[in-house]
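Topology and contacts: notes
So the chains spell out like this:
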Amino acid sequence: MAVPVAFFAVFFAYPVTAIVGRGLKAGGDWQFGRIGDVLARPDILDVLWFTTWQALASTALTLLIALPGAYVFARFDFPGKQVLRAVVTVPFVLPTVVVGTAFLALLGRGGLLDELWGVRLDTTVWAILLAHVFFNYAVVVRTVGGLWSQLDPRQEEAARVLGAGRFAAFRRVTLPALAPAVAAAALMVFLFTFTSFGVVQILGGPAYSTLEVEIYRQTAQLLDLPTAAVLTLVQFAAVGGILAVHAATVRRRERALKLVDPAQTSRRPRGPGQWALLGSVLLTALLLILLPLGVLVERSFDGPGGYGFGYYRALQSAGSGGSSTFLVPPLEAVGNSLRYALVATLIALVIGGLAAAALTRRAGRLVRGFDALLMLPLGVSAVTVGFGFLITLDKPPLDLRTSWILVPLAQALVGVPFVVRTMLPVLRAVDDRLREAAAVLGASPLRAWREVDLPLVRRAVLVAAGFAFAVSLGEFGATVFIARPDNPTLPVAVARLLGRSGELNYGQAMALSTILMLVCAVSLLLLERIRTDRSGEF
């Protein structure tokens, strides 16, 4: 536990505490009265209200659209199922900047809807809600569908034999069993939408602002640290409560259910109703997921002189079209992002692997507190972390402001929770008697880990690396503060291009977003292959 605790203390607790303390201190004294003053401001109350109700609306809309997909993936067996499962999961690992850009190409000025029917939805709440559904569709499909596929269908069939109708059997038998999974998925979707940043910033315009966007505005644009500190505390408290409820829901689900092999519950659709349901889910995936991504790719090739690689070629030169957005060619952001993400993945694997190994020992409250510590980066504004890096890591022996390692360190903070959550179940499934046998034969703890645990968790390590790489590649909130102008990452480069007017900047943003989408999609497809090809490994 020592190395992960030290890592989080230096690179998370210290920067966040410093930035919050700087905002709430005046003359060396804490000014807690500022909390009430900030929360009483009408503009801040509007931000809190919008953050809450858009998260609730996004969650409800996501459940409404995604639950039929969860049923189809759980109960139906059809050609291309694994490919479609990977496709619907692509949005979840895409950076929020890419999601915002894709919907901007579909719903914004000059977008597909604007060209066909003269309708624009950018700078409206509907664009934000649809983008959130696009982003979180896979959360519901994976969480609810994974459990649904393991529920014994004979229980519902028995209710039908006893005279219950199809809906009554579902409501009285299946729904109560699924309720914890549905609640867990809803809480996770609410968490992601409550802390939404890139999507709201790109699609919402100045009219809409979540807590995360407002923290960025107060910090980077207005330099109002007291207000940013109060909003950070509010967001941290809210997200902490959400994670606590989610943890309780997961524990209840694990205790209450008896599951069966998913292979026993999946079959081909039968009857026109089931085929119609499958068709509607495929149509939803086409319109909700493939259409925005397809329009994004199409816009990246649609130049002033017709279709071609003009925007991609423009990425090779800095300041093209008279723009001073970059000190280096935007295309260099691809190499920067890949290098940063690889280093961040290595850091996350080391820190997360040590943390997961410590958590397998189940040492009571100490380990439970350690487990909660690892999840804290998901509950604190990434903007706060990034700005905290700038004001704290500026003195020897940790003067890292001009060092390239600063970006991978910030990205690794987000990757560690994914590594822990991926490796921990597998590590806990390893039989302790294998470790004990190795110890009896004279192996040291390190050699026992290398010879016993590591071969058994090799696939879990690869999956964890895939998740850490994807989230590191798309991290934006902290990186936007600390990425150097001569070494931008892909999400930062896309945001800078979108922030400037001009057709060339817009086209280059589409091209960079397409490149970033392809890199994330390839990572996910490789991850999906690792997850499903497990024969003969354990």
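In this convention, every chain numbers its residues from 1, walking through the sequence in written order. The predicted nature of this model means local features are confined to residues of pLDDT at least 70 and side-chain atom pairs, given and counted, to a pLDDT of 80 or more, with totals for whole chains, interfaces and linings taken over all residues. Excluded from the side-chain calculations are hydrogens and water; all other atoms, namely the structure's heavy atoms, are used.

Attention now goes to the packing of aromatic side chains. Centre distance within 6.5 Å is the pairing criterion for rings of Phe, Tyr and Trp, where only the six-membered ring of Trp is used; planes under 30 degrees apart are then read as stacked, over 60 as edge-to-face, and the remainder as tilted. If you walk through the whole model with that rule in mind, you get 18 aromatic pairs. Both rings, one in Phe 73 and one in Phe 78, keep their centres 6.3 Å apart while their planes meet at 55°; by these two values the pair is tilted. Since its relative accessible area comes to 4%, Phe 73 is described here as buried. Aromatic side chains Phe 190 and Phe 194 sit 5.6 Å apart centroid to centroid with 25° between the ring planes, which places their arrangement in the stacked category. Of this pair, Phe 190 and Phe 194 both sit in helix H9 (residues 166-194), four residues apart, which is roughly one turn of the helix. With respect to burial, Phe 190 and Phe 194 carry one shared label: buried. Among the aromatic residues, ring-to-ring pairing joins Phe 7, Phe 8, Phe 11, Phe 12 and Phe 389 into one connected group. Residue burial is assigned from relative accessible area. The probe radius is 1.4 Å, only protein chains are included, and a residue is buried under 20% of its type maximum, exposed over 50%, and partly exposed in between. Secondary structure elements are taken from DSSP: a helix is a run of H or I of four residues or more, a strand is a run of E of two residues or more, and numbering for both begins at the N terminus.

Fine structural detail should not be taken from predicted coordinates in areas where pLDDT scores are low. pLDDT expresses how confident the predictor is about each individual residue, on a scale running from 0 to 100. For the protein chain, per-residue confidence averages 81 on the pLDDT scale, and 89% of positions sit at 70 or higher. Least confident of the elements in the protein chain is helix H16 (residues 365-375), whose mean pLDDT is 70; most confident is helix H3 (residues 42-75), at 92. Two residues qualify as a contact provided that any one of their heavy atoms is within 4.5 Å of a heavy atom in the partner residue. Taken together, the stretch residues 534-538 has pLDDT below 50 and engages in six contacts with residues farther than four places along the chain or on a different chain.

Time to look at helix H17 (residues 382-392). Owing to its 3.6 residues per turn, the α-helix aligns residues three or four sequence positions apart on the same side. Burial of H17 is extensive: 10 of the 11 residues sit out of reach of the surface. Buried within H17 are the following residues: Ala 382, Val 383, Thr 384, Val 385, Gly 386, Phe 387, Gly 388, Phe 389, Ile 391 and Thr 392.

Our next topic: the side chain of Thr 219. With respect to the secondary-structure elements, Thr 219 resides in helix H11 (residues 211-221). Two N or O atoms count as a polar contact when they lie within 3.5 Å, although within protein this holds only if one can serve as hydrogen donor and the other as acceptor, and sequence-adjacent residues are included solely when both atoms are side-chain atoms. One polar contact links the side chain of Thr 219 to the main-chain carbonyl oxygen of Ile 215, over a distance of 2.7 Å. What Thr 219 contacts, discounting residues up to four positions off in sequence, is Leu 225, Ala 228, Phe 387 and Phe 481.

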